[in-house]
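Chain by chain, the residues run as shown.
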Amino acid sequence: MEMLELMEEMTNNVDGEQEKVLADILFLNAHTEYLQRHGLAGKTDRESFQTKLPLVTYEDIRPDIHRIANGDRSPILSALPLSHFLCSSGTSGGEKKMLPLVEGDRDRAEMVLRIIGSLMNRHGSGLKQGKALNFVHVRKEWETSAGIAVRSVITSWYKSSHFLSKHHLYSTTHTSPVASIHCTDMFQSMYAQLLAGLADRLSVVQLGATFALGLLQAIRFLERHYQDLATDLEKGTVDPRITNEEVRAALETRLVPDPENAAHIKEECGRGQWKGIIRRIWPNAQYLAATATGSMSPYVPVLEFYSDGLPLVSLLYGSSECFSGINLNPFSKPEDVAYTLLPNLAYFEFLTVVLPDNCRQPAELVSLADVQMGKEYEIVVTTYSGLYRYRVGDILRVVGFYNKAPQFKFVCRGDAVLSLDIEKTSEADLQKAVAAAETAHLIPHNMRVAEFTSYADATTIPGHYVIYWELSPTTDQTEGFLADYVMEQCCVVIEESLDVSYKEMRVYDRSIGPLEIKVVKNGTFDRLMDFAVSSGASVSQYKPPRCVKSASILHILDAAVVSAHFSPGPPSWSK
Ligand code: AMP
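Computed from a predicted structure; not experimentally measured.

### Observations regarding the overall build of the protein
Okay, so step 1: Of the regular secondary structure elements, the protein holds 21 helices and 20 strands.
Okay, so step 2: Whereas a compact globule of 575 residues would reach a radius of gyration of roughly 25 Å, the protein reaches 24 Å, a difference of no more than 12%.
Okay, so step 3: Taken along the three principal axes of its C-alpha coordinates, the protein extends 70 × 65 × 45 Å.
Okay, so step 4: Buried residues in the protein amount to 55% of all 575 residues.
Okay, so step 5: For the protein, the proportion of contacts with a sequence separation of at least 24, taken over those separated by at least 6, is 68%.
Okay, so step 6: If you sum the accessible surface of the protein, you get close to 24,200 Å²; carbon and sulfur atoms cover 52% of it.
Okay, so step 7: The positive charge centre, built from 55 side chains, and the negative charge centre, built from 70, are 1 Å apart in the protein.

What follows is the structure, given as structure tokens:
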């Protein structure tokens, strides 16, 4: 069946598909220890599922995961053969989460990618017109004590037989040599992908990365290394720092001396004006493809700056636990992006989010077909790989329907909250407050927040919120300085934007002290990423933490502080 027809059929029969998927998962896994432990063996109906199985988090299944990782081959969670583990960017109890990937999961992932390909073709934006310069990097994998591989989602896909069996096709639609994606040295991988993408720049119709941050890193890499790249383009050589034999060989077959191209790159990058650089270097690019929702939304303005407003397309919503949804309207504005969950991928349930002013009302679990327009829910998944009623931790809001399938806006990670007293400030609240301060006081001074994170500092009495900011100019000027007064006004706007329970604690109870902004040196957030990567995170999957709890990360941030500013007075509040 054509992919878009399949999509139509599934979205018209959401509940039927979901019932089928649940019965399928429970039937296949009937003899697993987990389902037997909960008295569900052999039962495939929704009612038994709902009454017998508890809601769980990673913490609850960690002992089962450890047994599998240590080599217990009995069917503990899933009866399907384990392929390997996926390593999530999230952590639990200080260790990386490992999620099982079983036979059949890749077919489901491939189906999602094919639906996306068909969608883009329908919009006339497929790769029939040219090539994609897609910045992806696999990272070193590791093994559990029983020798089971643990890979990031990206590594898992680009090393899969699904991808490798078609890699000759990939080279006709993408500029990056497969060897450069497989190279685990970040410098060599990035250099090679940029070099290949610059050599073939007129064919490029789309630039992309998994997340918006990845695309930004590529442009910053270009800023730093364009002269070396141009020298290679001019002479048709490969920089000696590229020592990986396969990457060198792949580049050498693609490069011929091209002084004209090199001169263009040198001229455009050497002007010192980075606004619109993407369009100037890749004039046929029609759009940027990179997830720009959730914690990636602060990067939208800077990508607009570099691309002079090329459309930014967020296509996928998913996690190491489960590929979940796609954006059926790829060219919607980043702030309007909504994801439609595909009902044949997993069984989805939704836990109502109980707002602080309504905390007596218990949270309720509803099915995909029963979610209501405008409401926020935490997503709960049951997967073929053996996660049952598992809380992923993401909060989604229903913003529309496609046929009978609800469409969700990503709101935030449910667990990223700042809290000192009874108030809870979510990632989304914080993001909104930072954006308000930026608009009111930084943009008028040609500055913006390039990166931010936060910390609930309980070591002072009373405790207070600390917001770490890395600032950058909005124009091509290189230096930026803001008077203390301006920064204090930013503190004021942030406090004014936070919710009523924060203000009550701050003004009435006085259990929270004045908010503090600490400005950190340029490049500090790059160091945070390097630190995360050296501790096992994947570059392509990396998302900066919007709320910091780890002492080592705080140490890096505090060592880079250039100035600190406190809110000069309490925010407005009335009982
Ligand atoms: P990981 O387990 O490392 O693959 O990270 C998965 C998490 O990334 C999800 O649970 C979300 O919190 C976040 N994420 C994935 N896709 C999106 C998206 N399209 N928009 C916002 N956040 C996303």
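### So, the domain arrangement of the protein
Okay, so step 1: Under the domain assignment, the protein is made up of domain 1 (2–104 + 317–413), domain 2 (126–285) and domain 3 (427–566).
Okay, so step 2: Computed over C-alpha atoms, the centres of domain 1 and domain 3 are 33 Å apart.
Okay, so step 3: The interface of domain 1 with domain 3 comprises 8 residues on the first partner and 7 residues on the second.
Okay, so step 4: Applying the counting rule to domain 1 against domain 3 returns 0 salt bridges.
Okay, so step 5: Going through the elements one at a time, β1 (82–92) and β16 (405–413) are the ones with two or more residues in the side of domain 1 that touches domain 3.
Okay, so step 6: Here the residues of the side of domain 1 that touches domain 3 sort into 3 nonpolar, 3 polar and 2 charged.

### What about the sheet that holds strand β10 (residues 323–326)?
Okay, so step 1: Taken in spatial order, the 8 strands make up an open sheet running β9-β10-β11-β16-β15-β14-β12-β13, and their pairing is antiparallel. Where the open sheet ends on each side, the last strands, each with one partner, are β9 (316–318) and β13 (365–367). Adjacent strand axes in the sheet meet at a mean angle of 45 degrees, parallel and antiparallel pairs treated alike.
Okay, so step 2: As paired elements, β10 and strand β11 (residues 339–341) share 2 bridges and run antiparallel to each other. In the strand pairing of β11, G325 is matched with L341.

Quick notes on the rules
Residues numbered from 1 in each chain as written. Predicted model: local features only at pLDDT ≥ 70, side-chain atom pairs only at ≥ 80, totals over all residues. Heavy atoms only, no water. Helix = DSSP H or I, 4+ residues; strand = E, 2+ residues; numbered from the N terminus. Rg over C-alpha atoms; globule rule 2.2 N^0.38 Å. Buried < 20%, exposed > 50% of the residue type's maximum accessible area, 1.4 Å probe, protein only. Contact = heavy atoms within 4.5 Å. Areas by Shrake-Rupley, 256 points an atom, 1.4 Å probe, with all protein chains shown as cover. Lys, Arg positive; Asp, Glu negative; His and termini not counted. Charge placed at Lys NZ, Arg CZ, Asp CG, Glu CD. Domains from an automatic or database assignment. Salt bridge = Lys/Arg side-chain N within 4 Å of Asp/Glu carboxyl O. Nonpolar A, V, L, I, M, F, W, Y, C, P; charged D, E, K, R; others polar. Pairing = 2+ DSSP bridges. Axes fitted to C-alpha atoms, helices over the stretch in contact; angles between N-to-C directions.

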